[in-house]
Amino acid sequence: MSIVIVGAGLAGATAVTELREKGYSGEIVLLGAEKHLPYERPPLSKGFLMGEQEFDEALVHDQAWYFDEDVDLRLGMLATRIDLASKVVHAEPVGGGEPLDIPYEQLLLATGATPRVLDMGGGVGPSMTLRTIDDSITLRKSLKPGAHVAIVGGGWIGLEVASAARQAGAEVTVFESGDLPLERVLGPEVATLFADLHRGHGVDLRLGSRPTPADLSGADVIVAAIGVTPNVSLAEEAGLAVDNGVLVDASLRTSDANVFAVGDIANQEHPLLGRRIRVEHWDNAIEQAKIAARNMLGAHEQYDRQPYFFTDQYDLGMEYVGNVGPEGYDHVEIEGPTKVLEGDAFRAFWIRSGTVVAAMHANDWDASDVIRDSIGTAR
Ligand code: FAD
């Protein structure tokens, strides 16, 4: 049997690992458009961006691993078309070269996402986005004492860049169109703590407005952190069902029985949440990839893990489990003191109809299991 994986990111490389760990000894082709070995992206806005971590530490495996495990790793190779009827992936080297036709019996799509770009019209210098190691290397060079860094978007990436930039001594302005950063995910009760954290560290946080060209004119670097779009064109052009991501069932199978999709692109029918969800987080990429790999080998497992993410900003580390979803929550219960600037540790529980639907901790690493186990319990 031959398995082809398109996308040599975290999910793609994790699937390869799981296939070999489960004893699959057949052919594996892993296609990646980037020229780098598969790597984890969280350090790109944290330790690596701050110069505290080397790129090698972010790699899923070193080069020797792929050789030892007999993985046909094709880097700098873009999949351009999938023929579902004849089960062939067409690919070509990035920058030109001989095209390749790669037959498969099982195909896994793990093509990730692309950041949205900022469209300010004329009069504003170029802005950058942060998705790849090359972006992070470029941005790192700009984070110097006294440099003016403008960040558009107060989501996770925008705030992590703000934290790195302040710690490098740069002057930072964050423009967030909502009333609070992270409000859509956390709600006002906890989002306000993140606003306090950043203001306390000297970030000029401009809320409820979009930047004008004049606002951005003095910036040495403009970072657009306004969300991502899942890379679905390959799947869509092949005729797979796509709607805000590649549609997959609970076992991560697409509308074609021989094709699975995982990670940032997968819009999954989630058995516990009872609705579709597409999750753009590290844990989801890893855990979905493992299940899809086992299902490609004949298992019949469902992916029913609660969404999870983490962030590190300044001295604050947090983990969040669950998903409030479109139904929202009735109230939040916060346990513990919340002066995050002073390093307080606390736990928060989002409750709907007397049941915990999401939970997080800040600076309380003993609480990882507690918050996970709390989901679905009465409170
Ligand atoms: P990706 O990692 O994006 O990998 C997809 C790969 O597929 C890419 O290398 C791409 O080039 C390749 N590809 C795309 N199309 C093709 C094609 N046609 N042919 C060949 N190759 C192709 N999550 C957290 O939970 N916590 C964090 O703190 C956190 N921090 C983050 C910080 C940054 C800066 C970024 C960018 C993301 C962060 N994330 C974090 C999110 C997490 O990294 C992603 O959810 C995860 O990388 C998704 O994995 P993936 O394999 O689906 O996609």
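Residues numbered from 1 in each chain as written. Predicted model: local features only at pLDDT ≥ 70, side-chain atom pairs only at ≥ 80, totals over all residues. Heavy atoms only, no water.

The condition is simple: UniProt positions are given in the numbering used here, feature names are shortened, and annotations may be inferred rather than shown by experiment.
Naming follows an unreviewed UniProt entry, where the protein chain appears as NAD(P)/FAD-dependent oxidoreductase of Tessaracoccus antarcticus. As stated in UniProt under Cofactor (unreviewed entry), the record for the protein chain gives "FAD".

1. Details of the side chain of His 361
Test applied: A run of DSSP states H or I qualifies as a helix once it reaches four residues; a run of E qualifies as a strand once it reaches two. Both are numbered from the N-terminal end. Two N or O atoms count as a polar contact when they lie within 3.5 Å, although within protein this holds only if one can serve as hydrogen donor and the other as acceptor, and sequence-adjacent residues are included solely when both atoms are side-chain atoms. We call two residues contacting when some pair of their heavy atoms lies within 4.5 Å.
Counting through the fold element by element, His 361 comes out in strand β22 (residues 355-362). Side chain to side chain, His 361 and Glu 319 meet in a polar contact 2.7 Å long. Among the polar contacts made by the side chain of His 361, one reaches the main-chain amide nitrogen of Asp 364 at a distance of 3.1 Å. Excluding residues within four positions of it along the chain, His 361 makes contact with Gly 317, Met 318, Glu 319, Phe 346, Arg 347, Ala 367, Ser 368 and Ile 371.

2. Topic: the environment of Ala 299
Just so we agree on the cut-off: Residue burial is assigned from relative accessible area. The probe radius is 1.4 Å, only protein chains are included, and a residue is buried under 20% of its type maximum, exposed over 50%, and partly exposed in between.
Structurally, the position occupied by Ala 299 is in the loop between α8 (282-296) and β18 (308-313). Looking at Ala 299, the relative accessible area reads 23%, which means it is partly exposed. Separated by 48 residues in sequence, Ala 299 and Ser 251 place their C-alpha atoms 9.4 Å apart.

3. Section: the environment of Ala 362
With respect to the helices and strands, Ala 362 occurs in strand β22. By relative accessible area, which is 0% here, Ala 362 ends up buried. Along the sequence, Ala 362 and Gln 63 sit 299 residues apart, while their C-alpha atoms lie 36 Å from each other. Dropping the residues within four chain positions of it, Ala 362 is found in contact with Leu 316, Gly 317, Met 318, Asp 344, Ala 345 and Phe 346.

4. What about the sheet that holds strand β20 (residues 331-335)?
Adjacent strands of a sheet pair through backbone hydrogen bonds, lying either parallel or antiparallel. For the record, the criterion: What makes two strands pair is DSSP finding at least two bridges between them. Axis definition: a line fitted to C-alpha atoms, limited for helices to the stretch in contact. Angles are taken between N-to-C directions and run from 0 to 180 degrees.
Across the sheet, 5 strands lie side by side as β18-β19-β22-β21-β20; this open sheet has antiparallel pairing. Lying at the two open borders of the sheet, with one neighbouring strand each, are β18 and β20. The mean angle between the axes of side-by-side strands here comes to 15°, regardless of whether they run parallel or antiparallel. In this structure, β20 lies alongside strand β21 (residues 346-352), joined through 5 bridges in antiparallel fashion. Bridging across to β21, Ile 334 finds its partner in Ala 348. Most of the contacts of helix α4 (residues 156-167) go to β18, to which it runs at about 25°, and overall it touches β18 and β19 (316-322). Strands β18, β19, β20, β21 and β22 of the sheet are contacted by helix α5 (residues 183-200), whose axis makes an angle of about 170° with β19.

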